[in-house]
Amino acid sequence: MEKLFYSIGEVAGMLGENISLVRYWSNNFKRFIKPGRSSKGNRQYTSEDIETLKQIHFLVKEKGMTLEGASKELADRKGSVSKSVRALDCLKEIRAQLVDIKQSL
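Keep in mind the model is a prediction, meaning the values are calculated, not measured. Positions within a chain are numbered from 1, following the residues in the order the chain's sequence is written. Only residues with pLDDT of 70 or above have their local features reported here, since the model is predicted, and side-chain atom pairs are shown and tallied only from 80 upward, although totals for entire chains, interfaces and linings are computed over all residues. As a convention, hydrogens and water are excluded, and side-chain values are obtained from all of the structure's heavy atoms.

**Student:** Would you mind showing me how to read the nonpolar core here?
**Tutor:** Generally speaking, a soluble globular protein has its nonpolar side chains buried in company with each other. If you look at the biggest cluster of nonpolar residues, it comprises 21 residues, and the most contacted ones within it are Val11, Val22, Trp25, Phe29, Tyr45, Leu53 and Ile56. Only helix H1 (8–15), helix H2 (19–28), helix H3 (47–62) and helix H4 (67–76) provide two or more residues apiece to this core. Strands are runs of DSSP state E lasting at least 2 residues, helices are runs of H or I lasting at least 4, and numbering of each runs from the N terminus. In terms of residues, this core owes the most to one element, H3, which gives six residues. Only heavy atoms matter for contacts: two residues are in contact if any of them lie within 4.5 Å across the pair. Once residues lying within four places of it in the same chain are set aside, the contact partners of Trp25 are Leu15, Ile33, Leu53, Ile56, His57, Val60, Lys61 and Leu67. In plain words, nonpolar cores are sets of buried Ala, Val, Leu, Ile, Met, Phe, Trp, Tyr and Cys residues tied together by side-chain atoms within 4.5 Å. Buried, partly exposed and exposed residues are distinguished by accessible area as a fraction of the type maximum, computed with a 1.4 Å probe on protein chains only: under 20%, between the cut-offs, and over 50%, respectively.

This is the structure in structure tokens:
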């Protein structure tokens, strides 16, 4: 069962990045990411927020875009970026499975 909210540490682990970078992106992409807050004031991310952060990660880290360029790309073509991110995630999963198979041989 999928959780409704994820902590910033969980999101950072999913992305393979530091918590400070996730916080930085959350602050710079407020137009796209709107994490809620817990009673203690901690950020709580939804699945939609995580998908947007994955798109930002793809644009900035994989394609080498600036934050301003990534913001413009998200605003202009969110659907095509989402497809690219999903395809990349699938390929990473396939690669991990192939590595597991290779190690078991």
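**Student:** Could you clarify how one ought to interpret the pattern of salt bridges in this entry?
**Tutor:** Oppositely charged side chains may form a pair once their charged atoms are brought near each other. Salt-bridge detection follows one rule: a side-chain nitrogen of Lys or Arg within 4 Å of a carboxyl oxygen of Asp or Glu. According to the stated counting rule, one finds one salt bridge in the structure shown. One salt bridge in this structure joins Glu10 and Lys3, with 2.6 Å as the shortest N-O distance. What makes Glu10 partly exposed here is its relative accessible area of 32%.

**Student:** What exactly am I supposed to notice about the side chain of His57 here?
**Tutor:** Relative to the helices and strands, His57 resides in helix H3. Owing to a relative accessible area of 11%, His57 belongs among the buried residues under this scheme. Discounting residues that sit within four places of it in the chain, His57 has contacts with Leu15, Glu17, Trp25 and Glu62.

**Student:** Sorry if this is basic, but what is going on with the packing of H2 against H3 here?
**Tutor:** Helices that pack against each other are described as a pair by the angle of their axes relative to one another and the distance between those axes. Here, axes are lines fitted to C-alpha atoms. For helices the fit covers the stretch in contact, and angles between N-to-C directions go from 0 to 180 degrees. H3 packs onto H2 with a crossing angle of 100° between their chain directions and a minimal axis gap of 11 Å. The angle between H2 and H3 falls in the class roughly perpendicular. Contacts between H2 and H3 involve Leu21, Val22 and Trp25 from the former and Leu53, Ile56, His57, Val60 and Lys61 from the latter. We call two directions roughly parallel when the angle between them is under 35 degrees, roughly antiparallel when it is over 145, roughly perpendicular when it lies between 65 and 115, and oblique otherwise.

**Student:** Teacher, can you tell me more about the confidence of the model for the chain here?
**Tutor:** Detailed reading of the predicted coordinates is not advisable wherever pLDDT falls low. In the predicted model, the chain carries a mean pLDDT of 87, and the fraction of residues at 70 or more is 94%. Summarising per-element confidence for the chain, the mean pLDDT is lowest in helix H5 (residues 78–104) (80) and highest in H2 (94). pLDDT expresses how confident the predictor is about each individual residue, on a scale running from 0 to 100.

**Student:** Got a minute to help me understand the side chain of Arg43 in this structure?
**Tutor:** Looking at where Arg43 falls in the secondary structure, it is placed in strand S3 (residues 43–45). For the buried Arg43, no salt bridge exists, and the shortest N-O distance to an oppositely charged side chain is 9.6 Å, to Asp49. For Arg43, the side chain forms a polar contact with the side chain of Asn27, separated by 3.2 Å. Filtering out sequence-adjacent residues up to four positions away, Arg43 remains in contact with Tyr6, Ser7, Ile8, Arg23, Ser26, Asn27, Pro35, Gly36 and Arg37. The positive count covers Lys and Arg only, the negative count covers Asp and Glu only, and His and the chain ends enter neither. Residues adjacent in sequence count toward polar contacts only when both atoms are side-chain atoms; beyond that, a polar contact is any pair of N or O atoms within 3.5 Å, and within protein one must be able to donate a hydrogen and the other to accept it.

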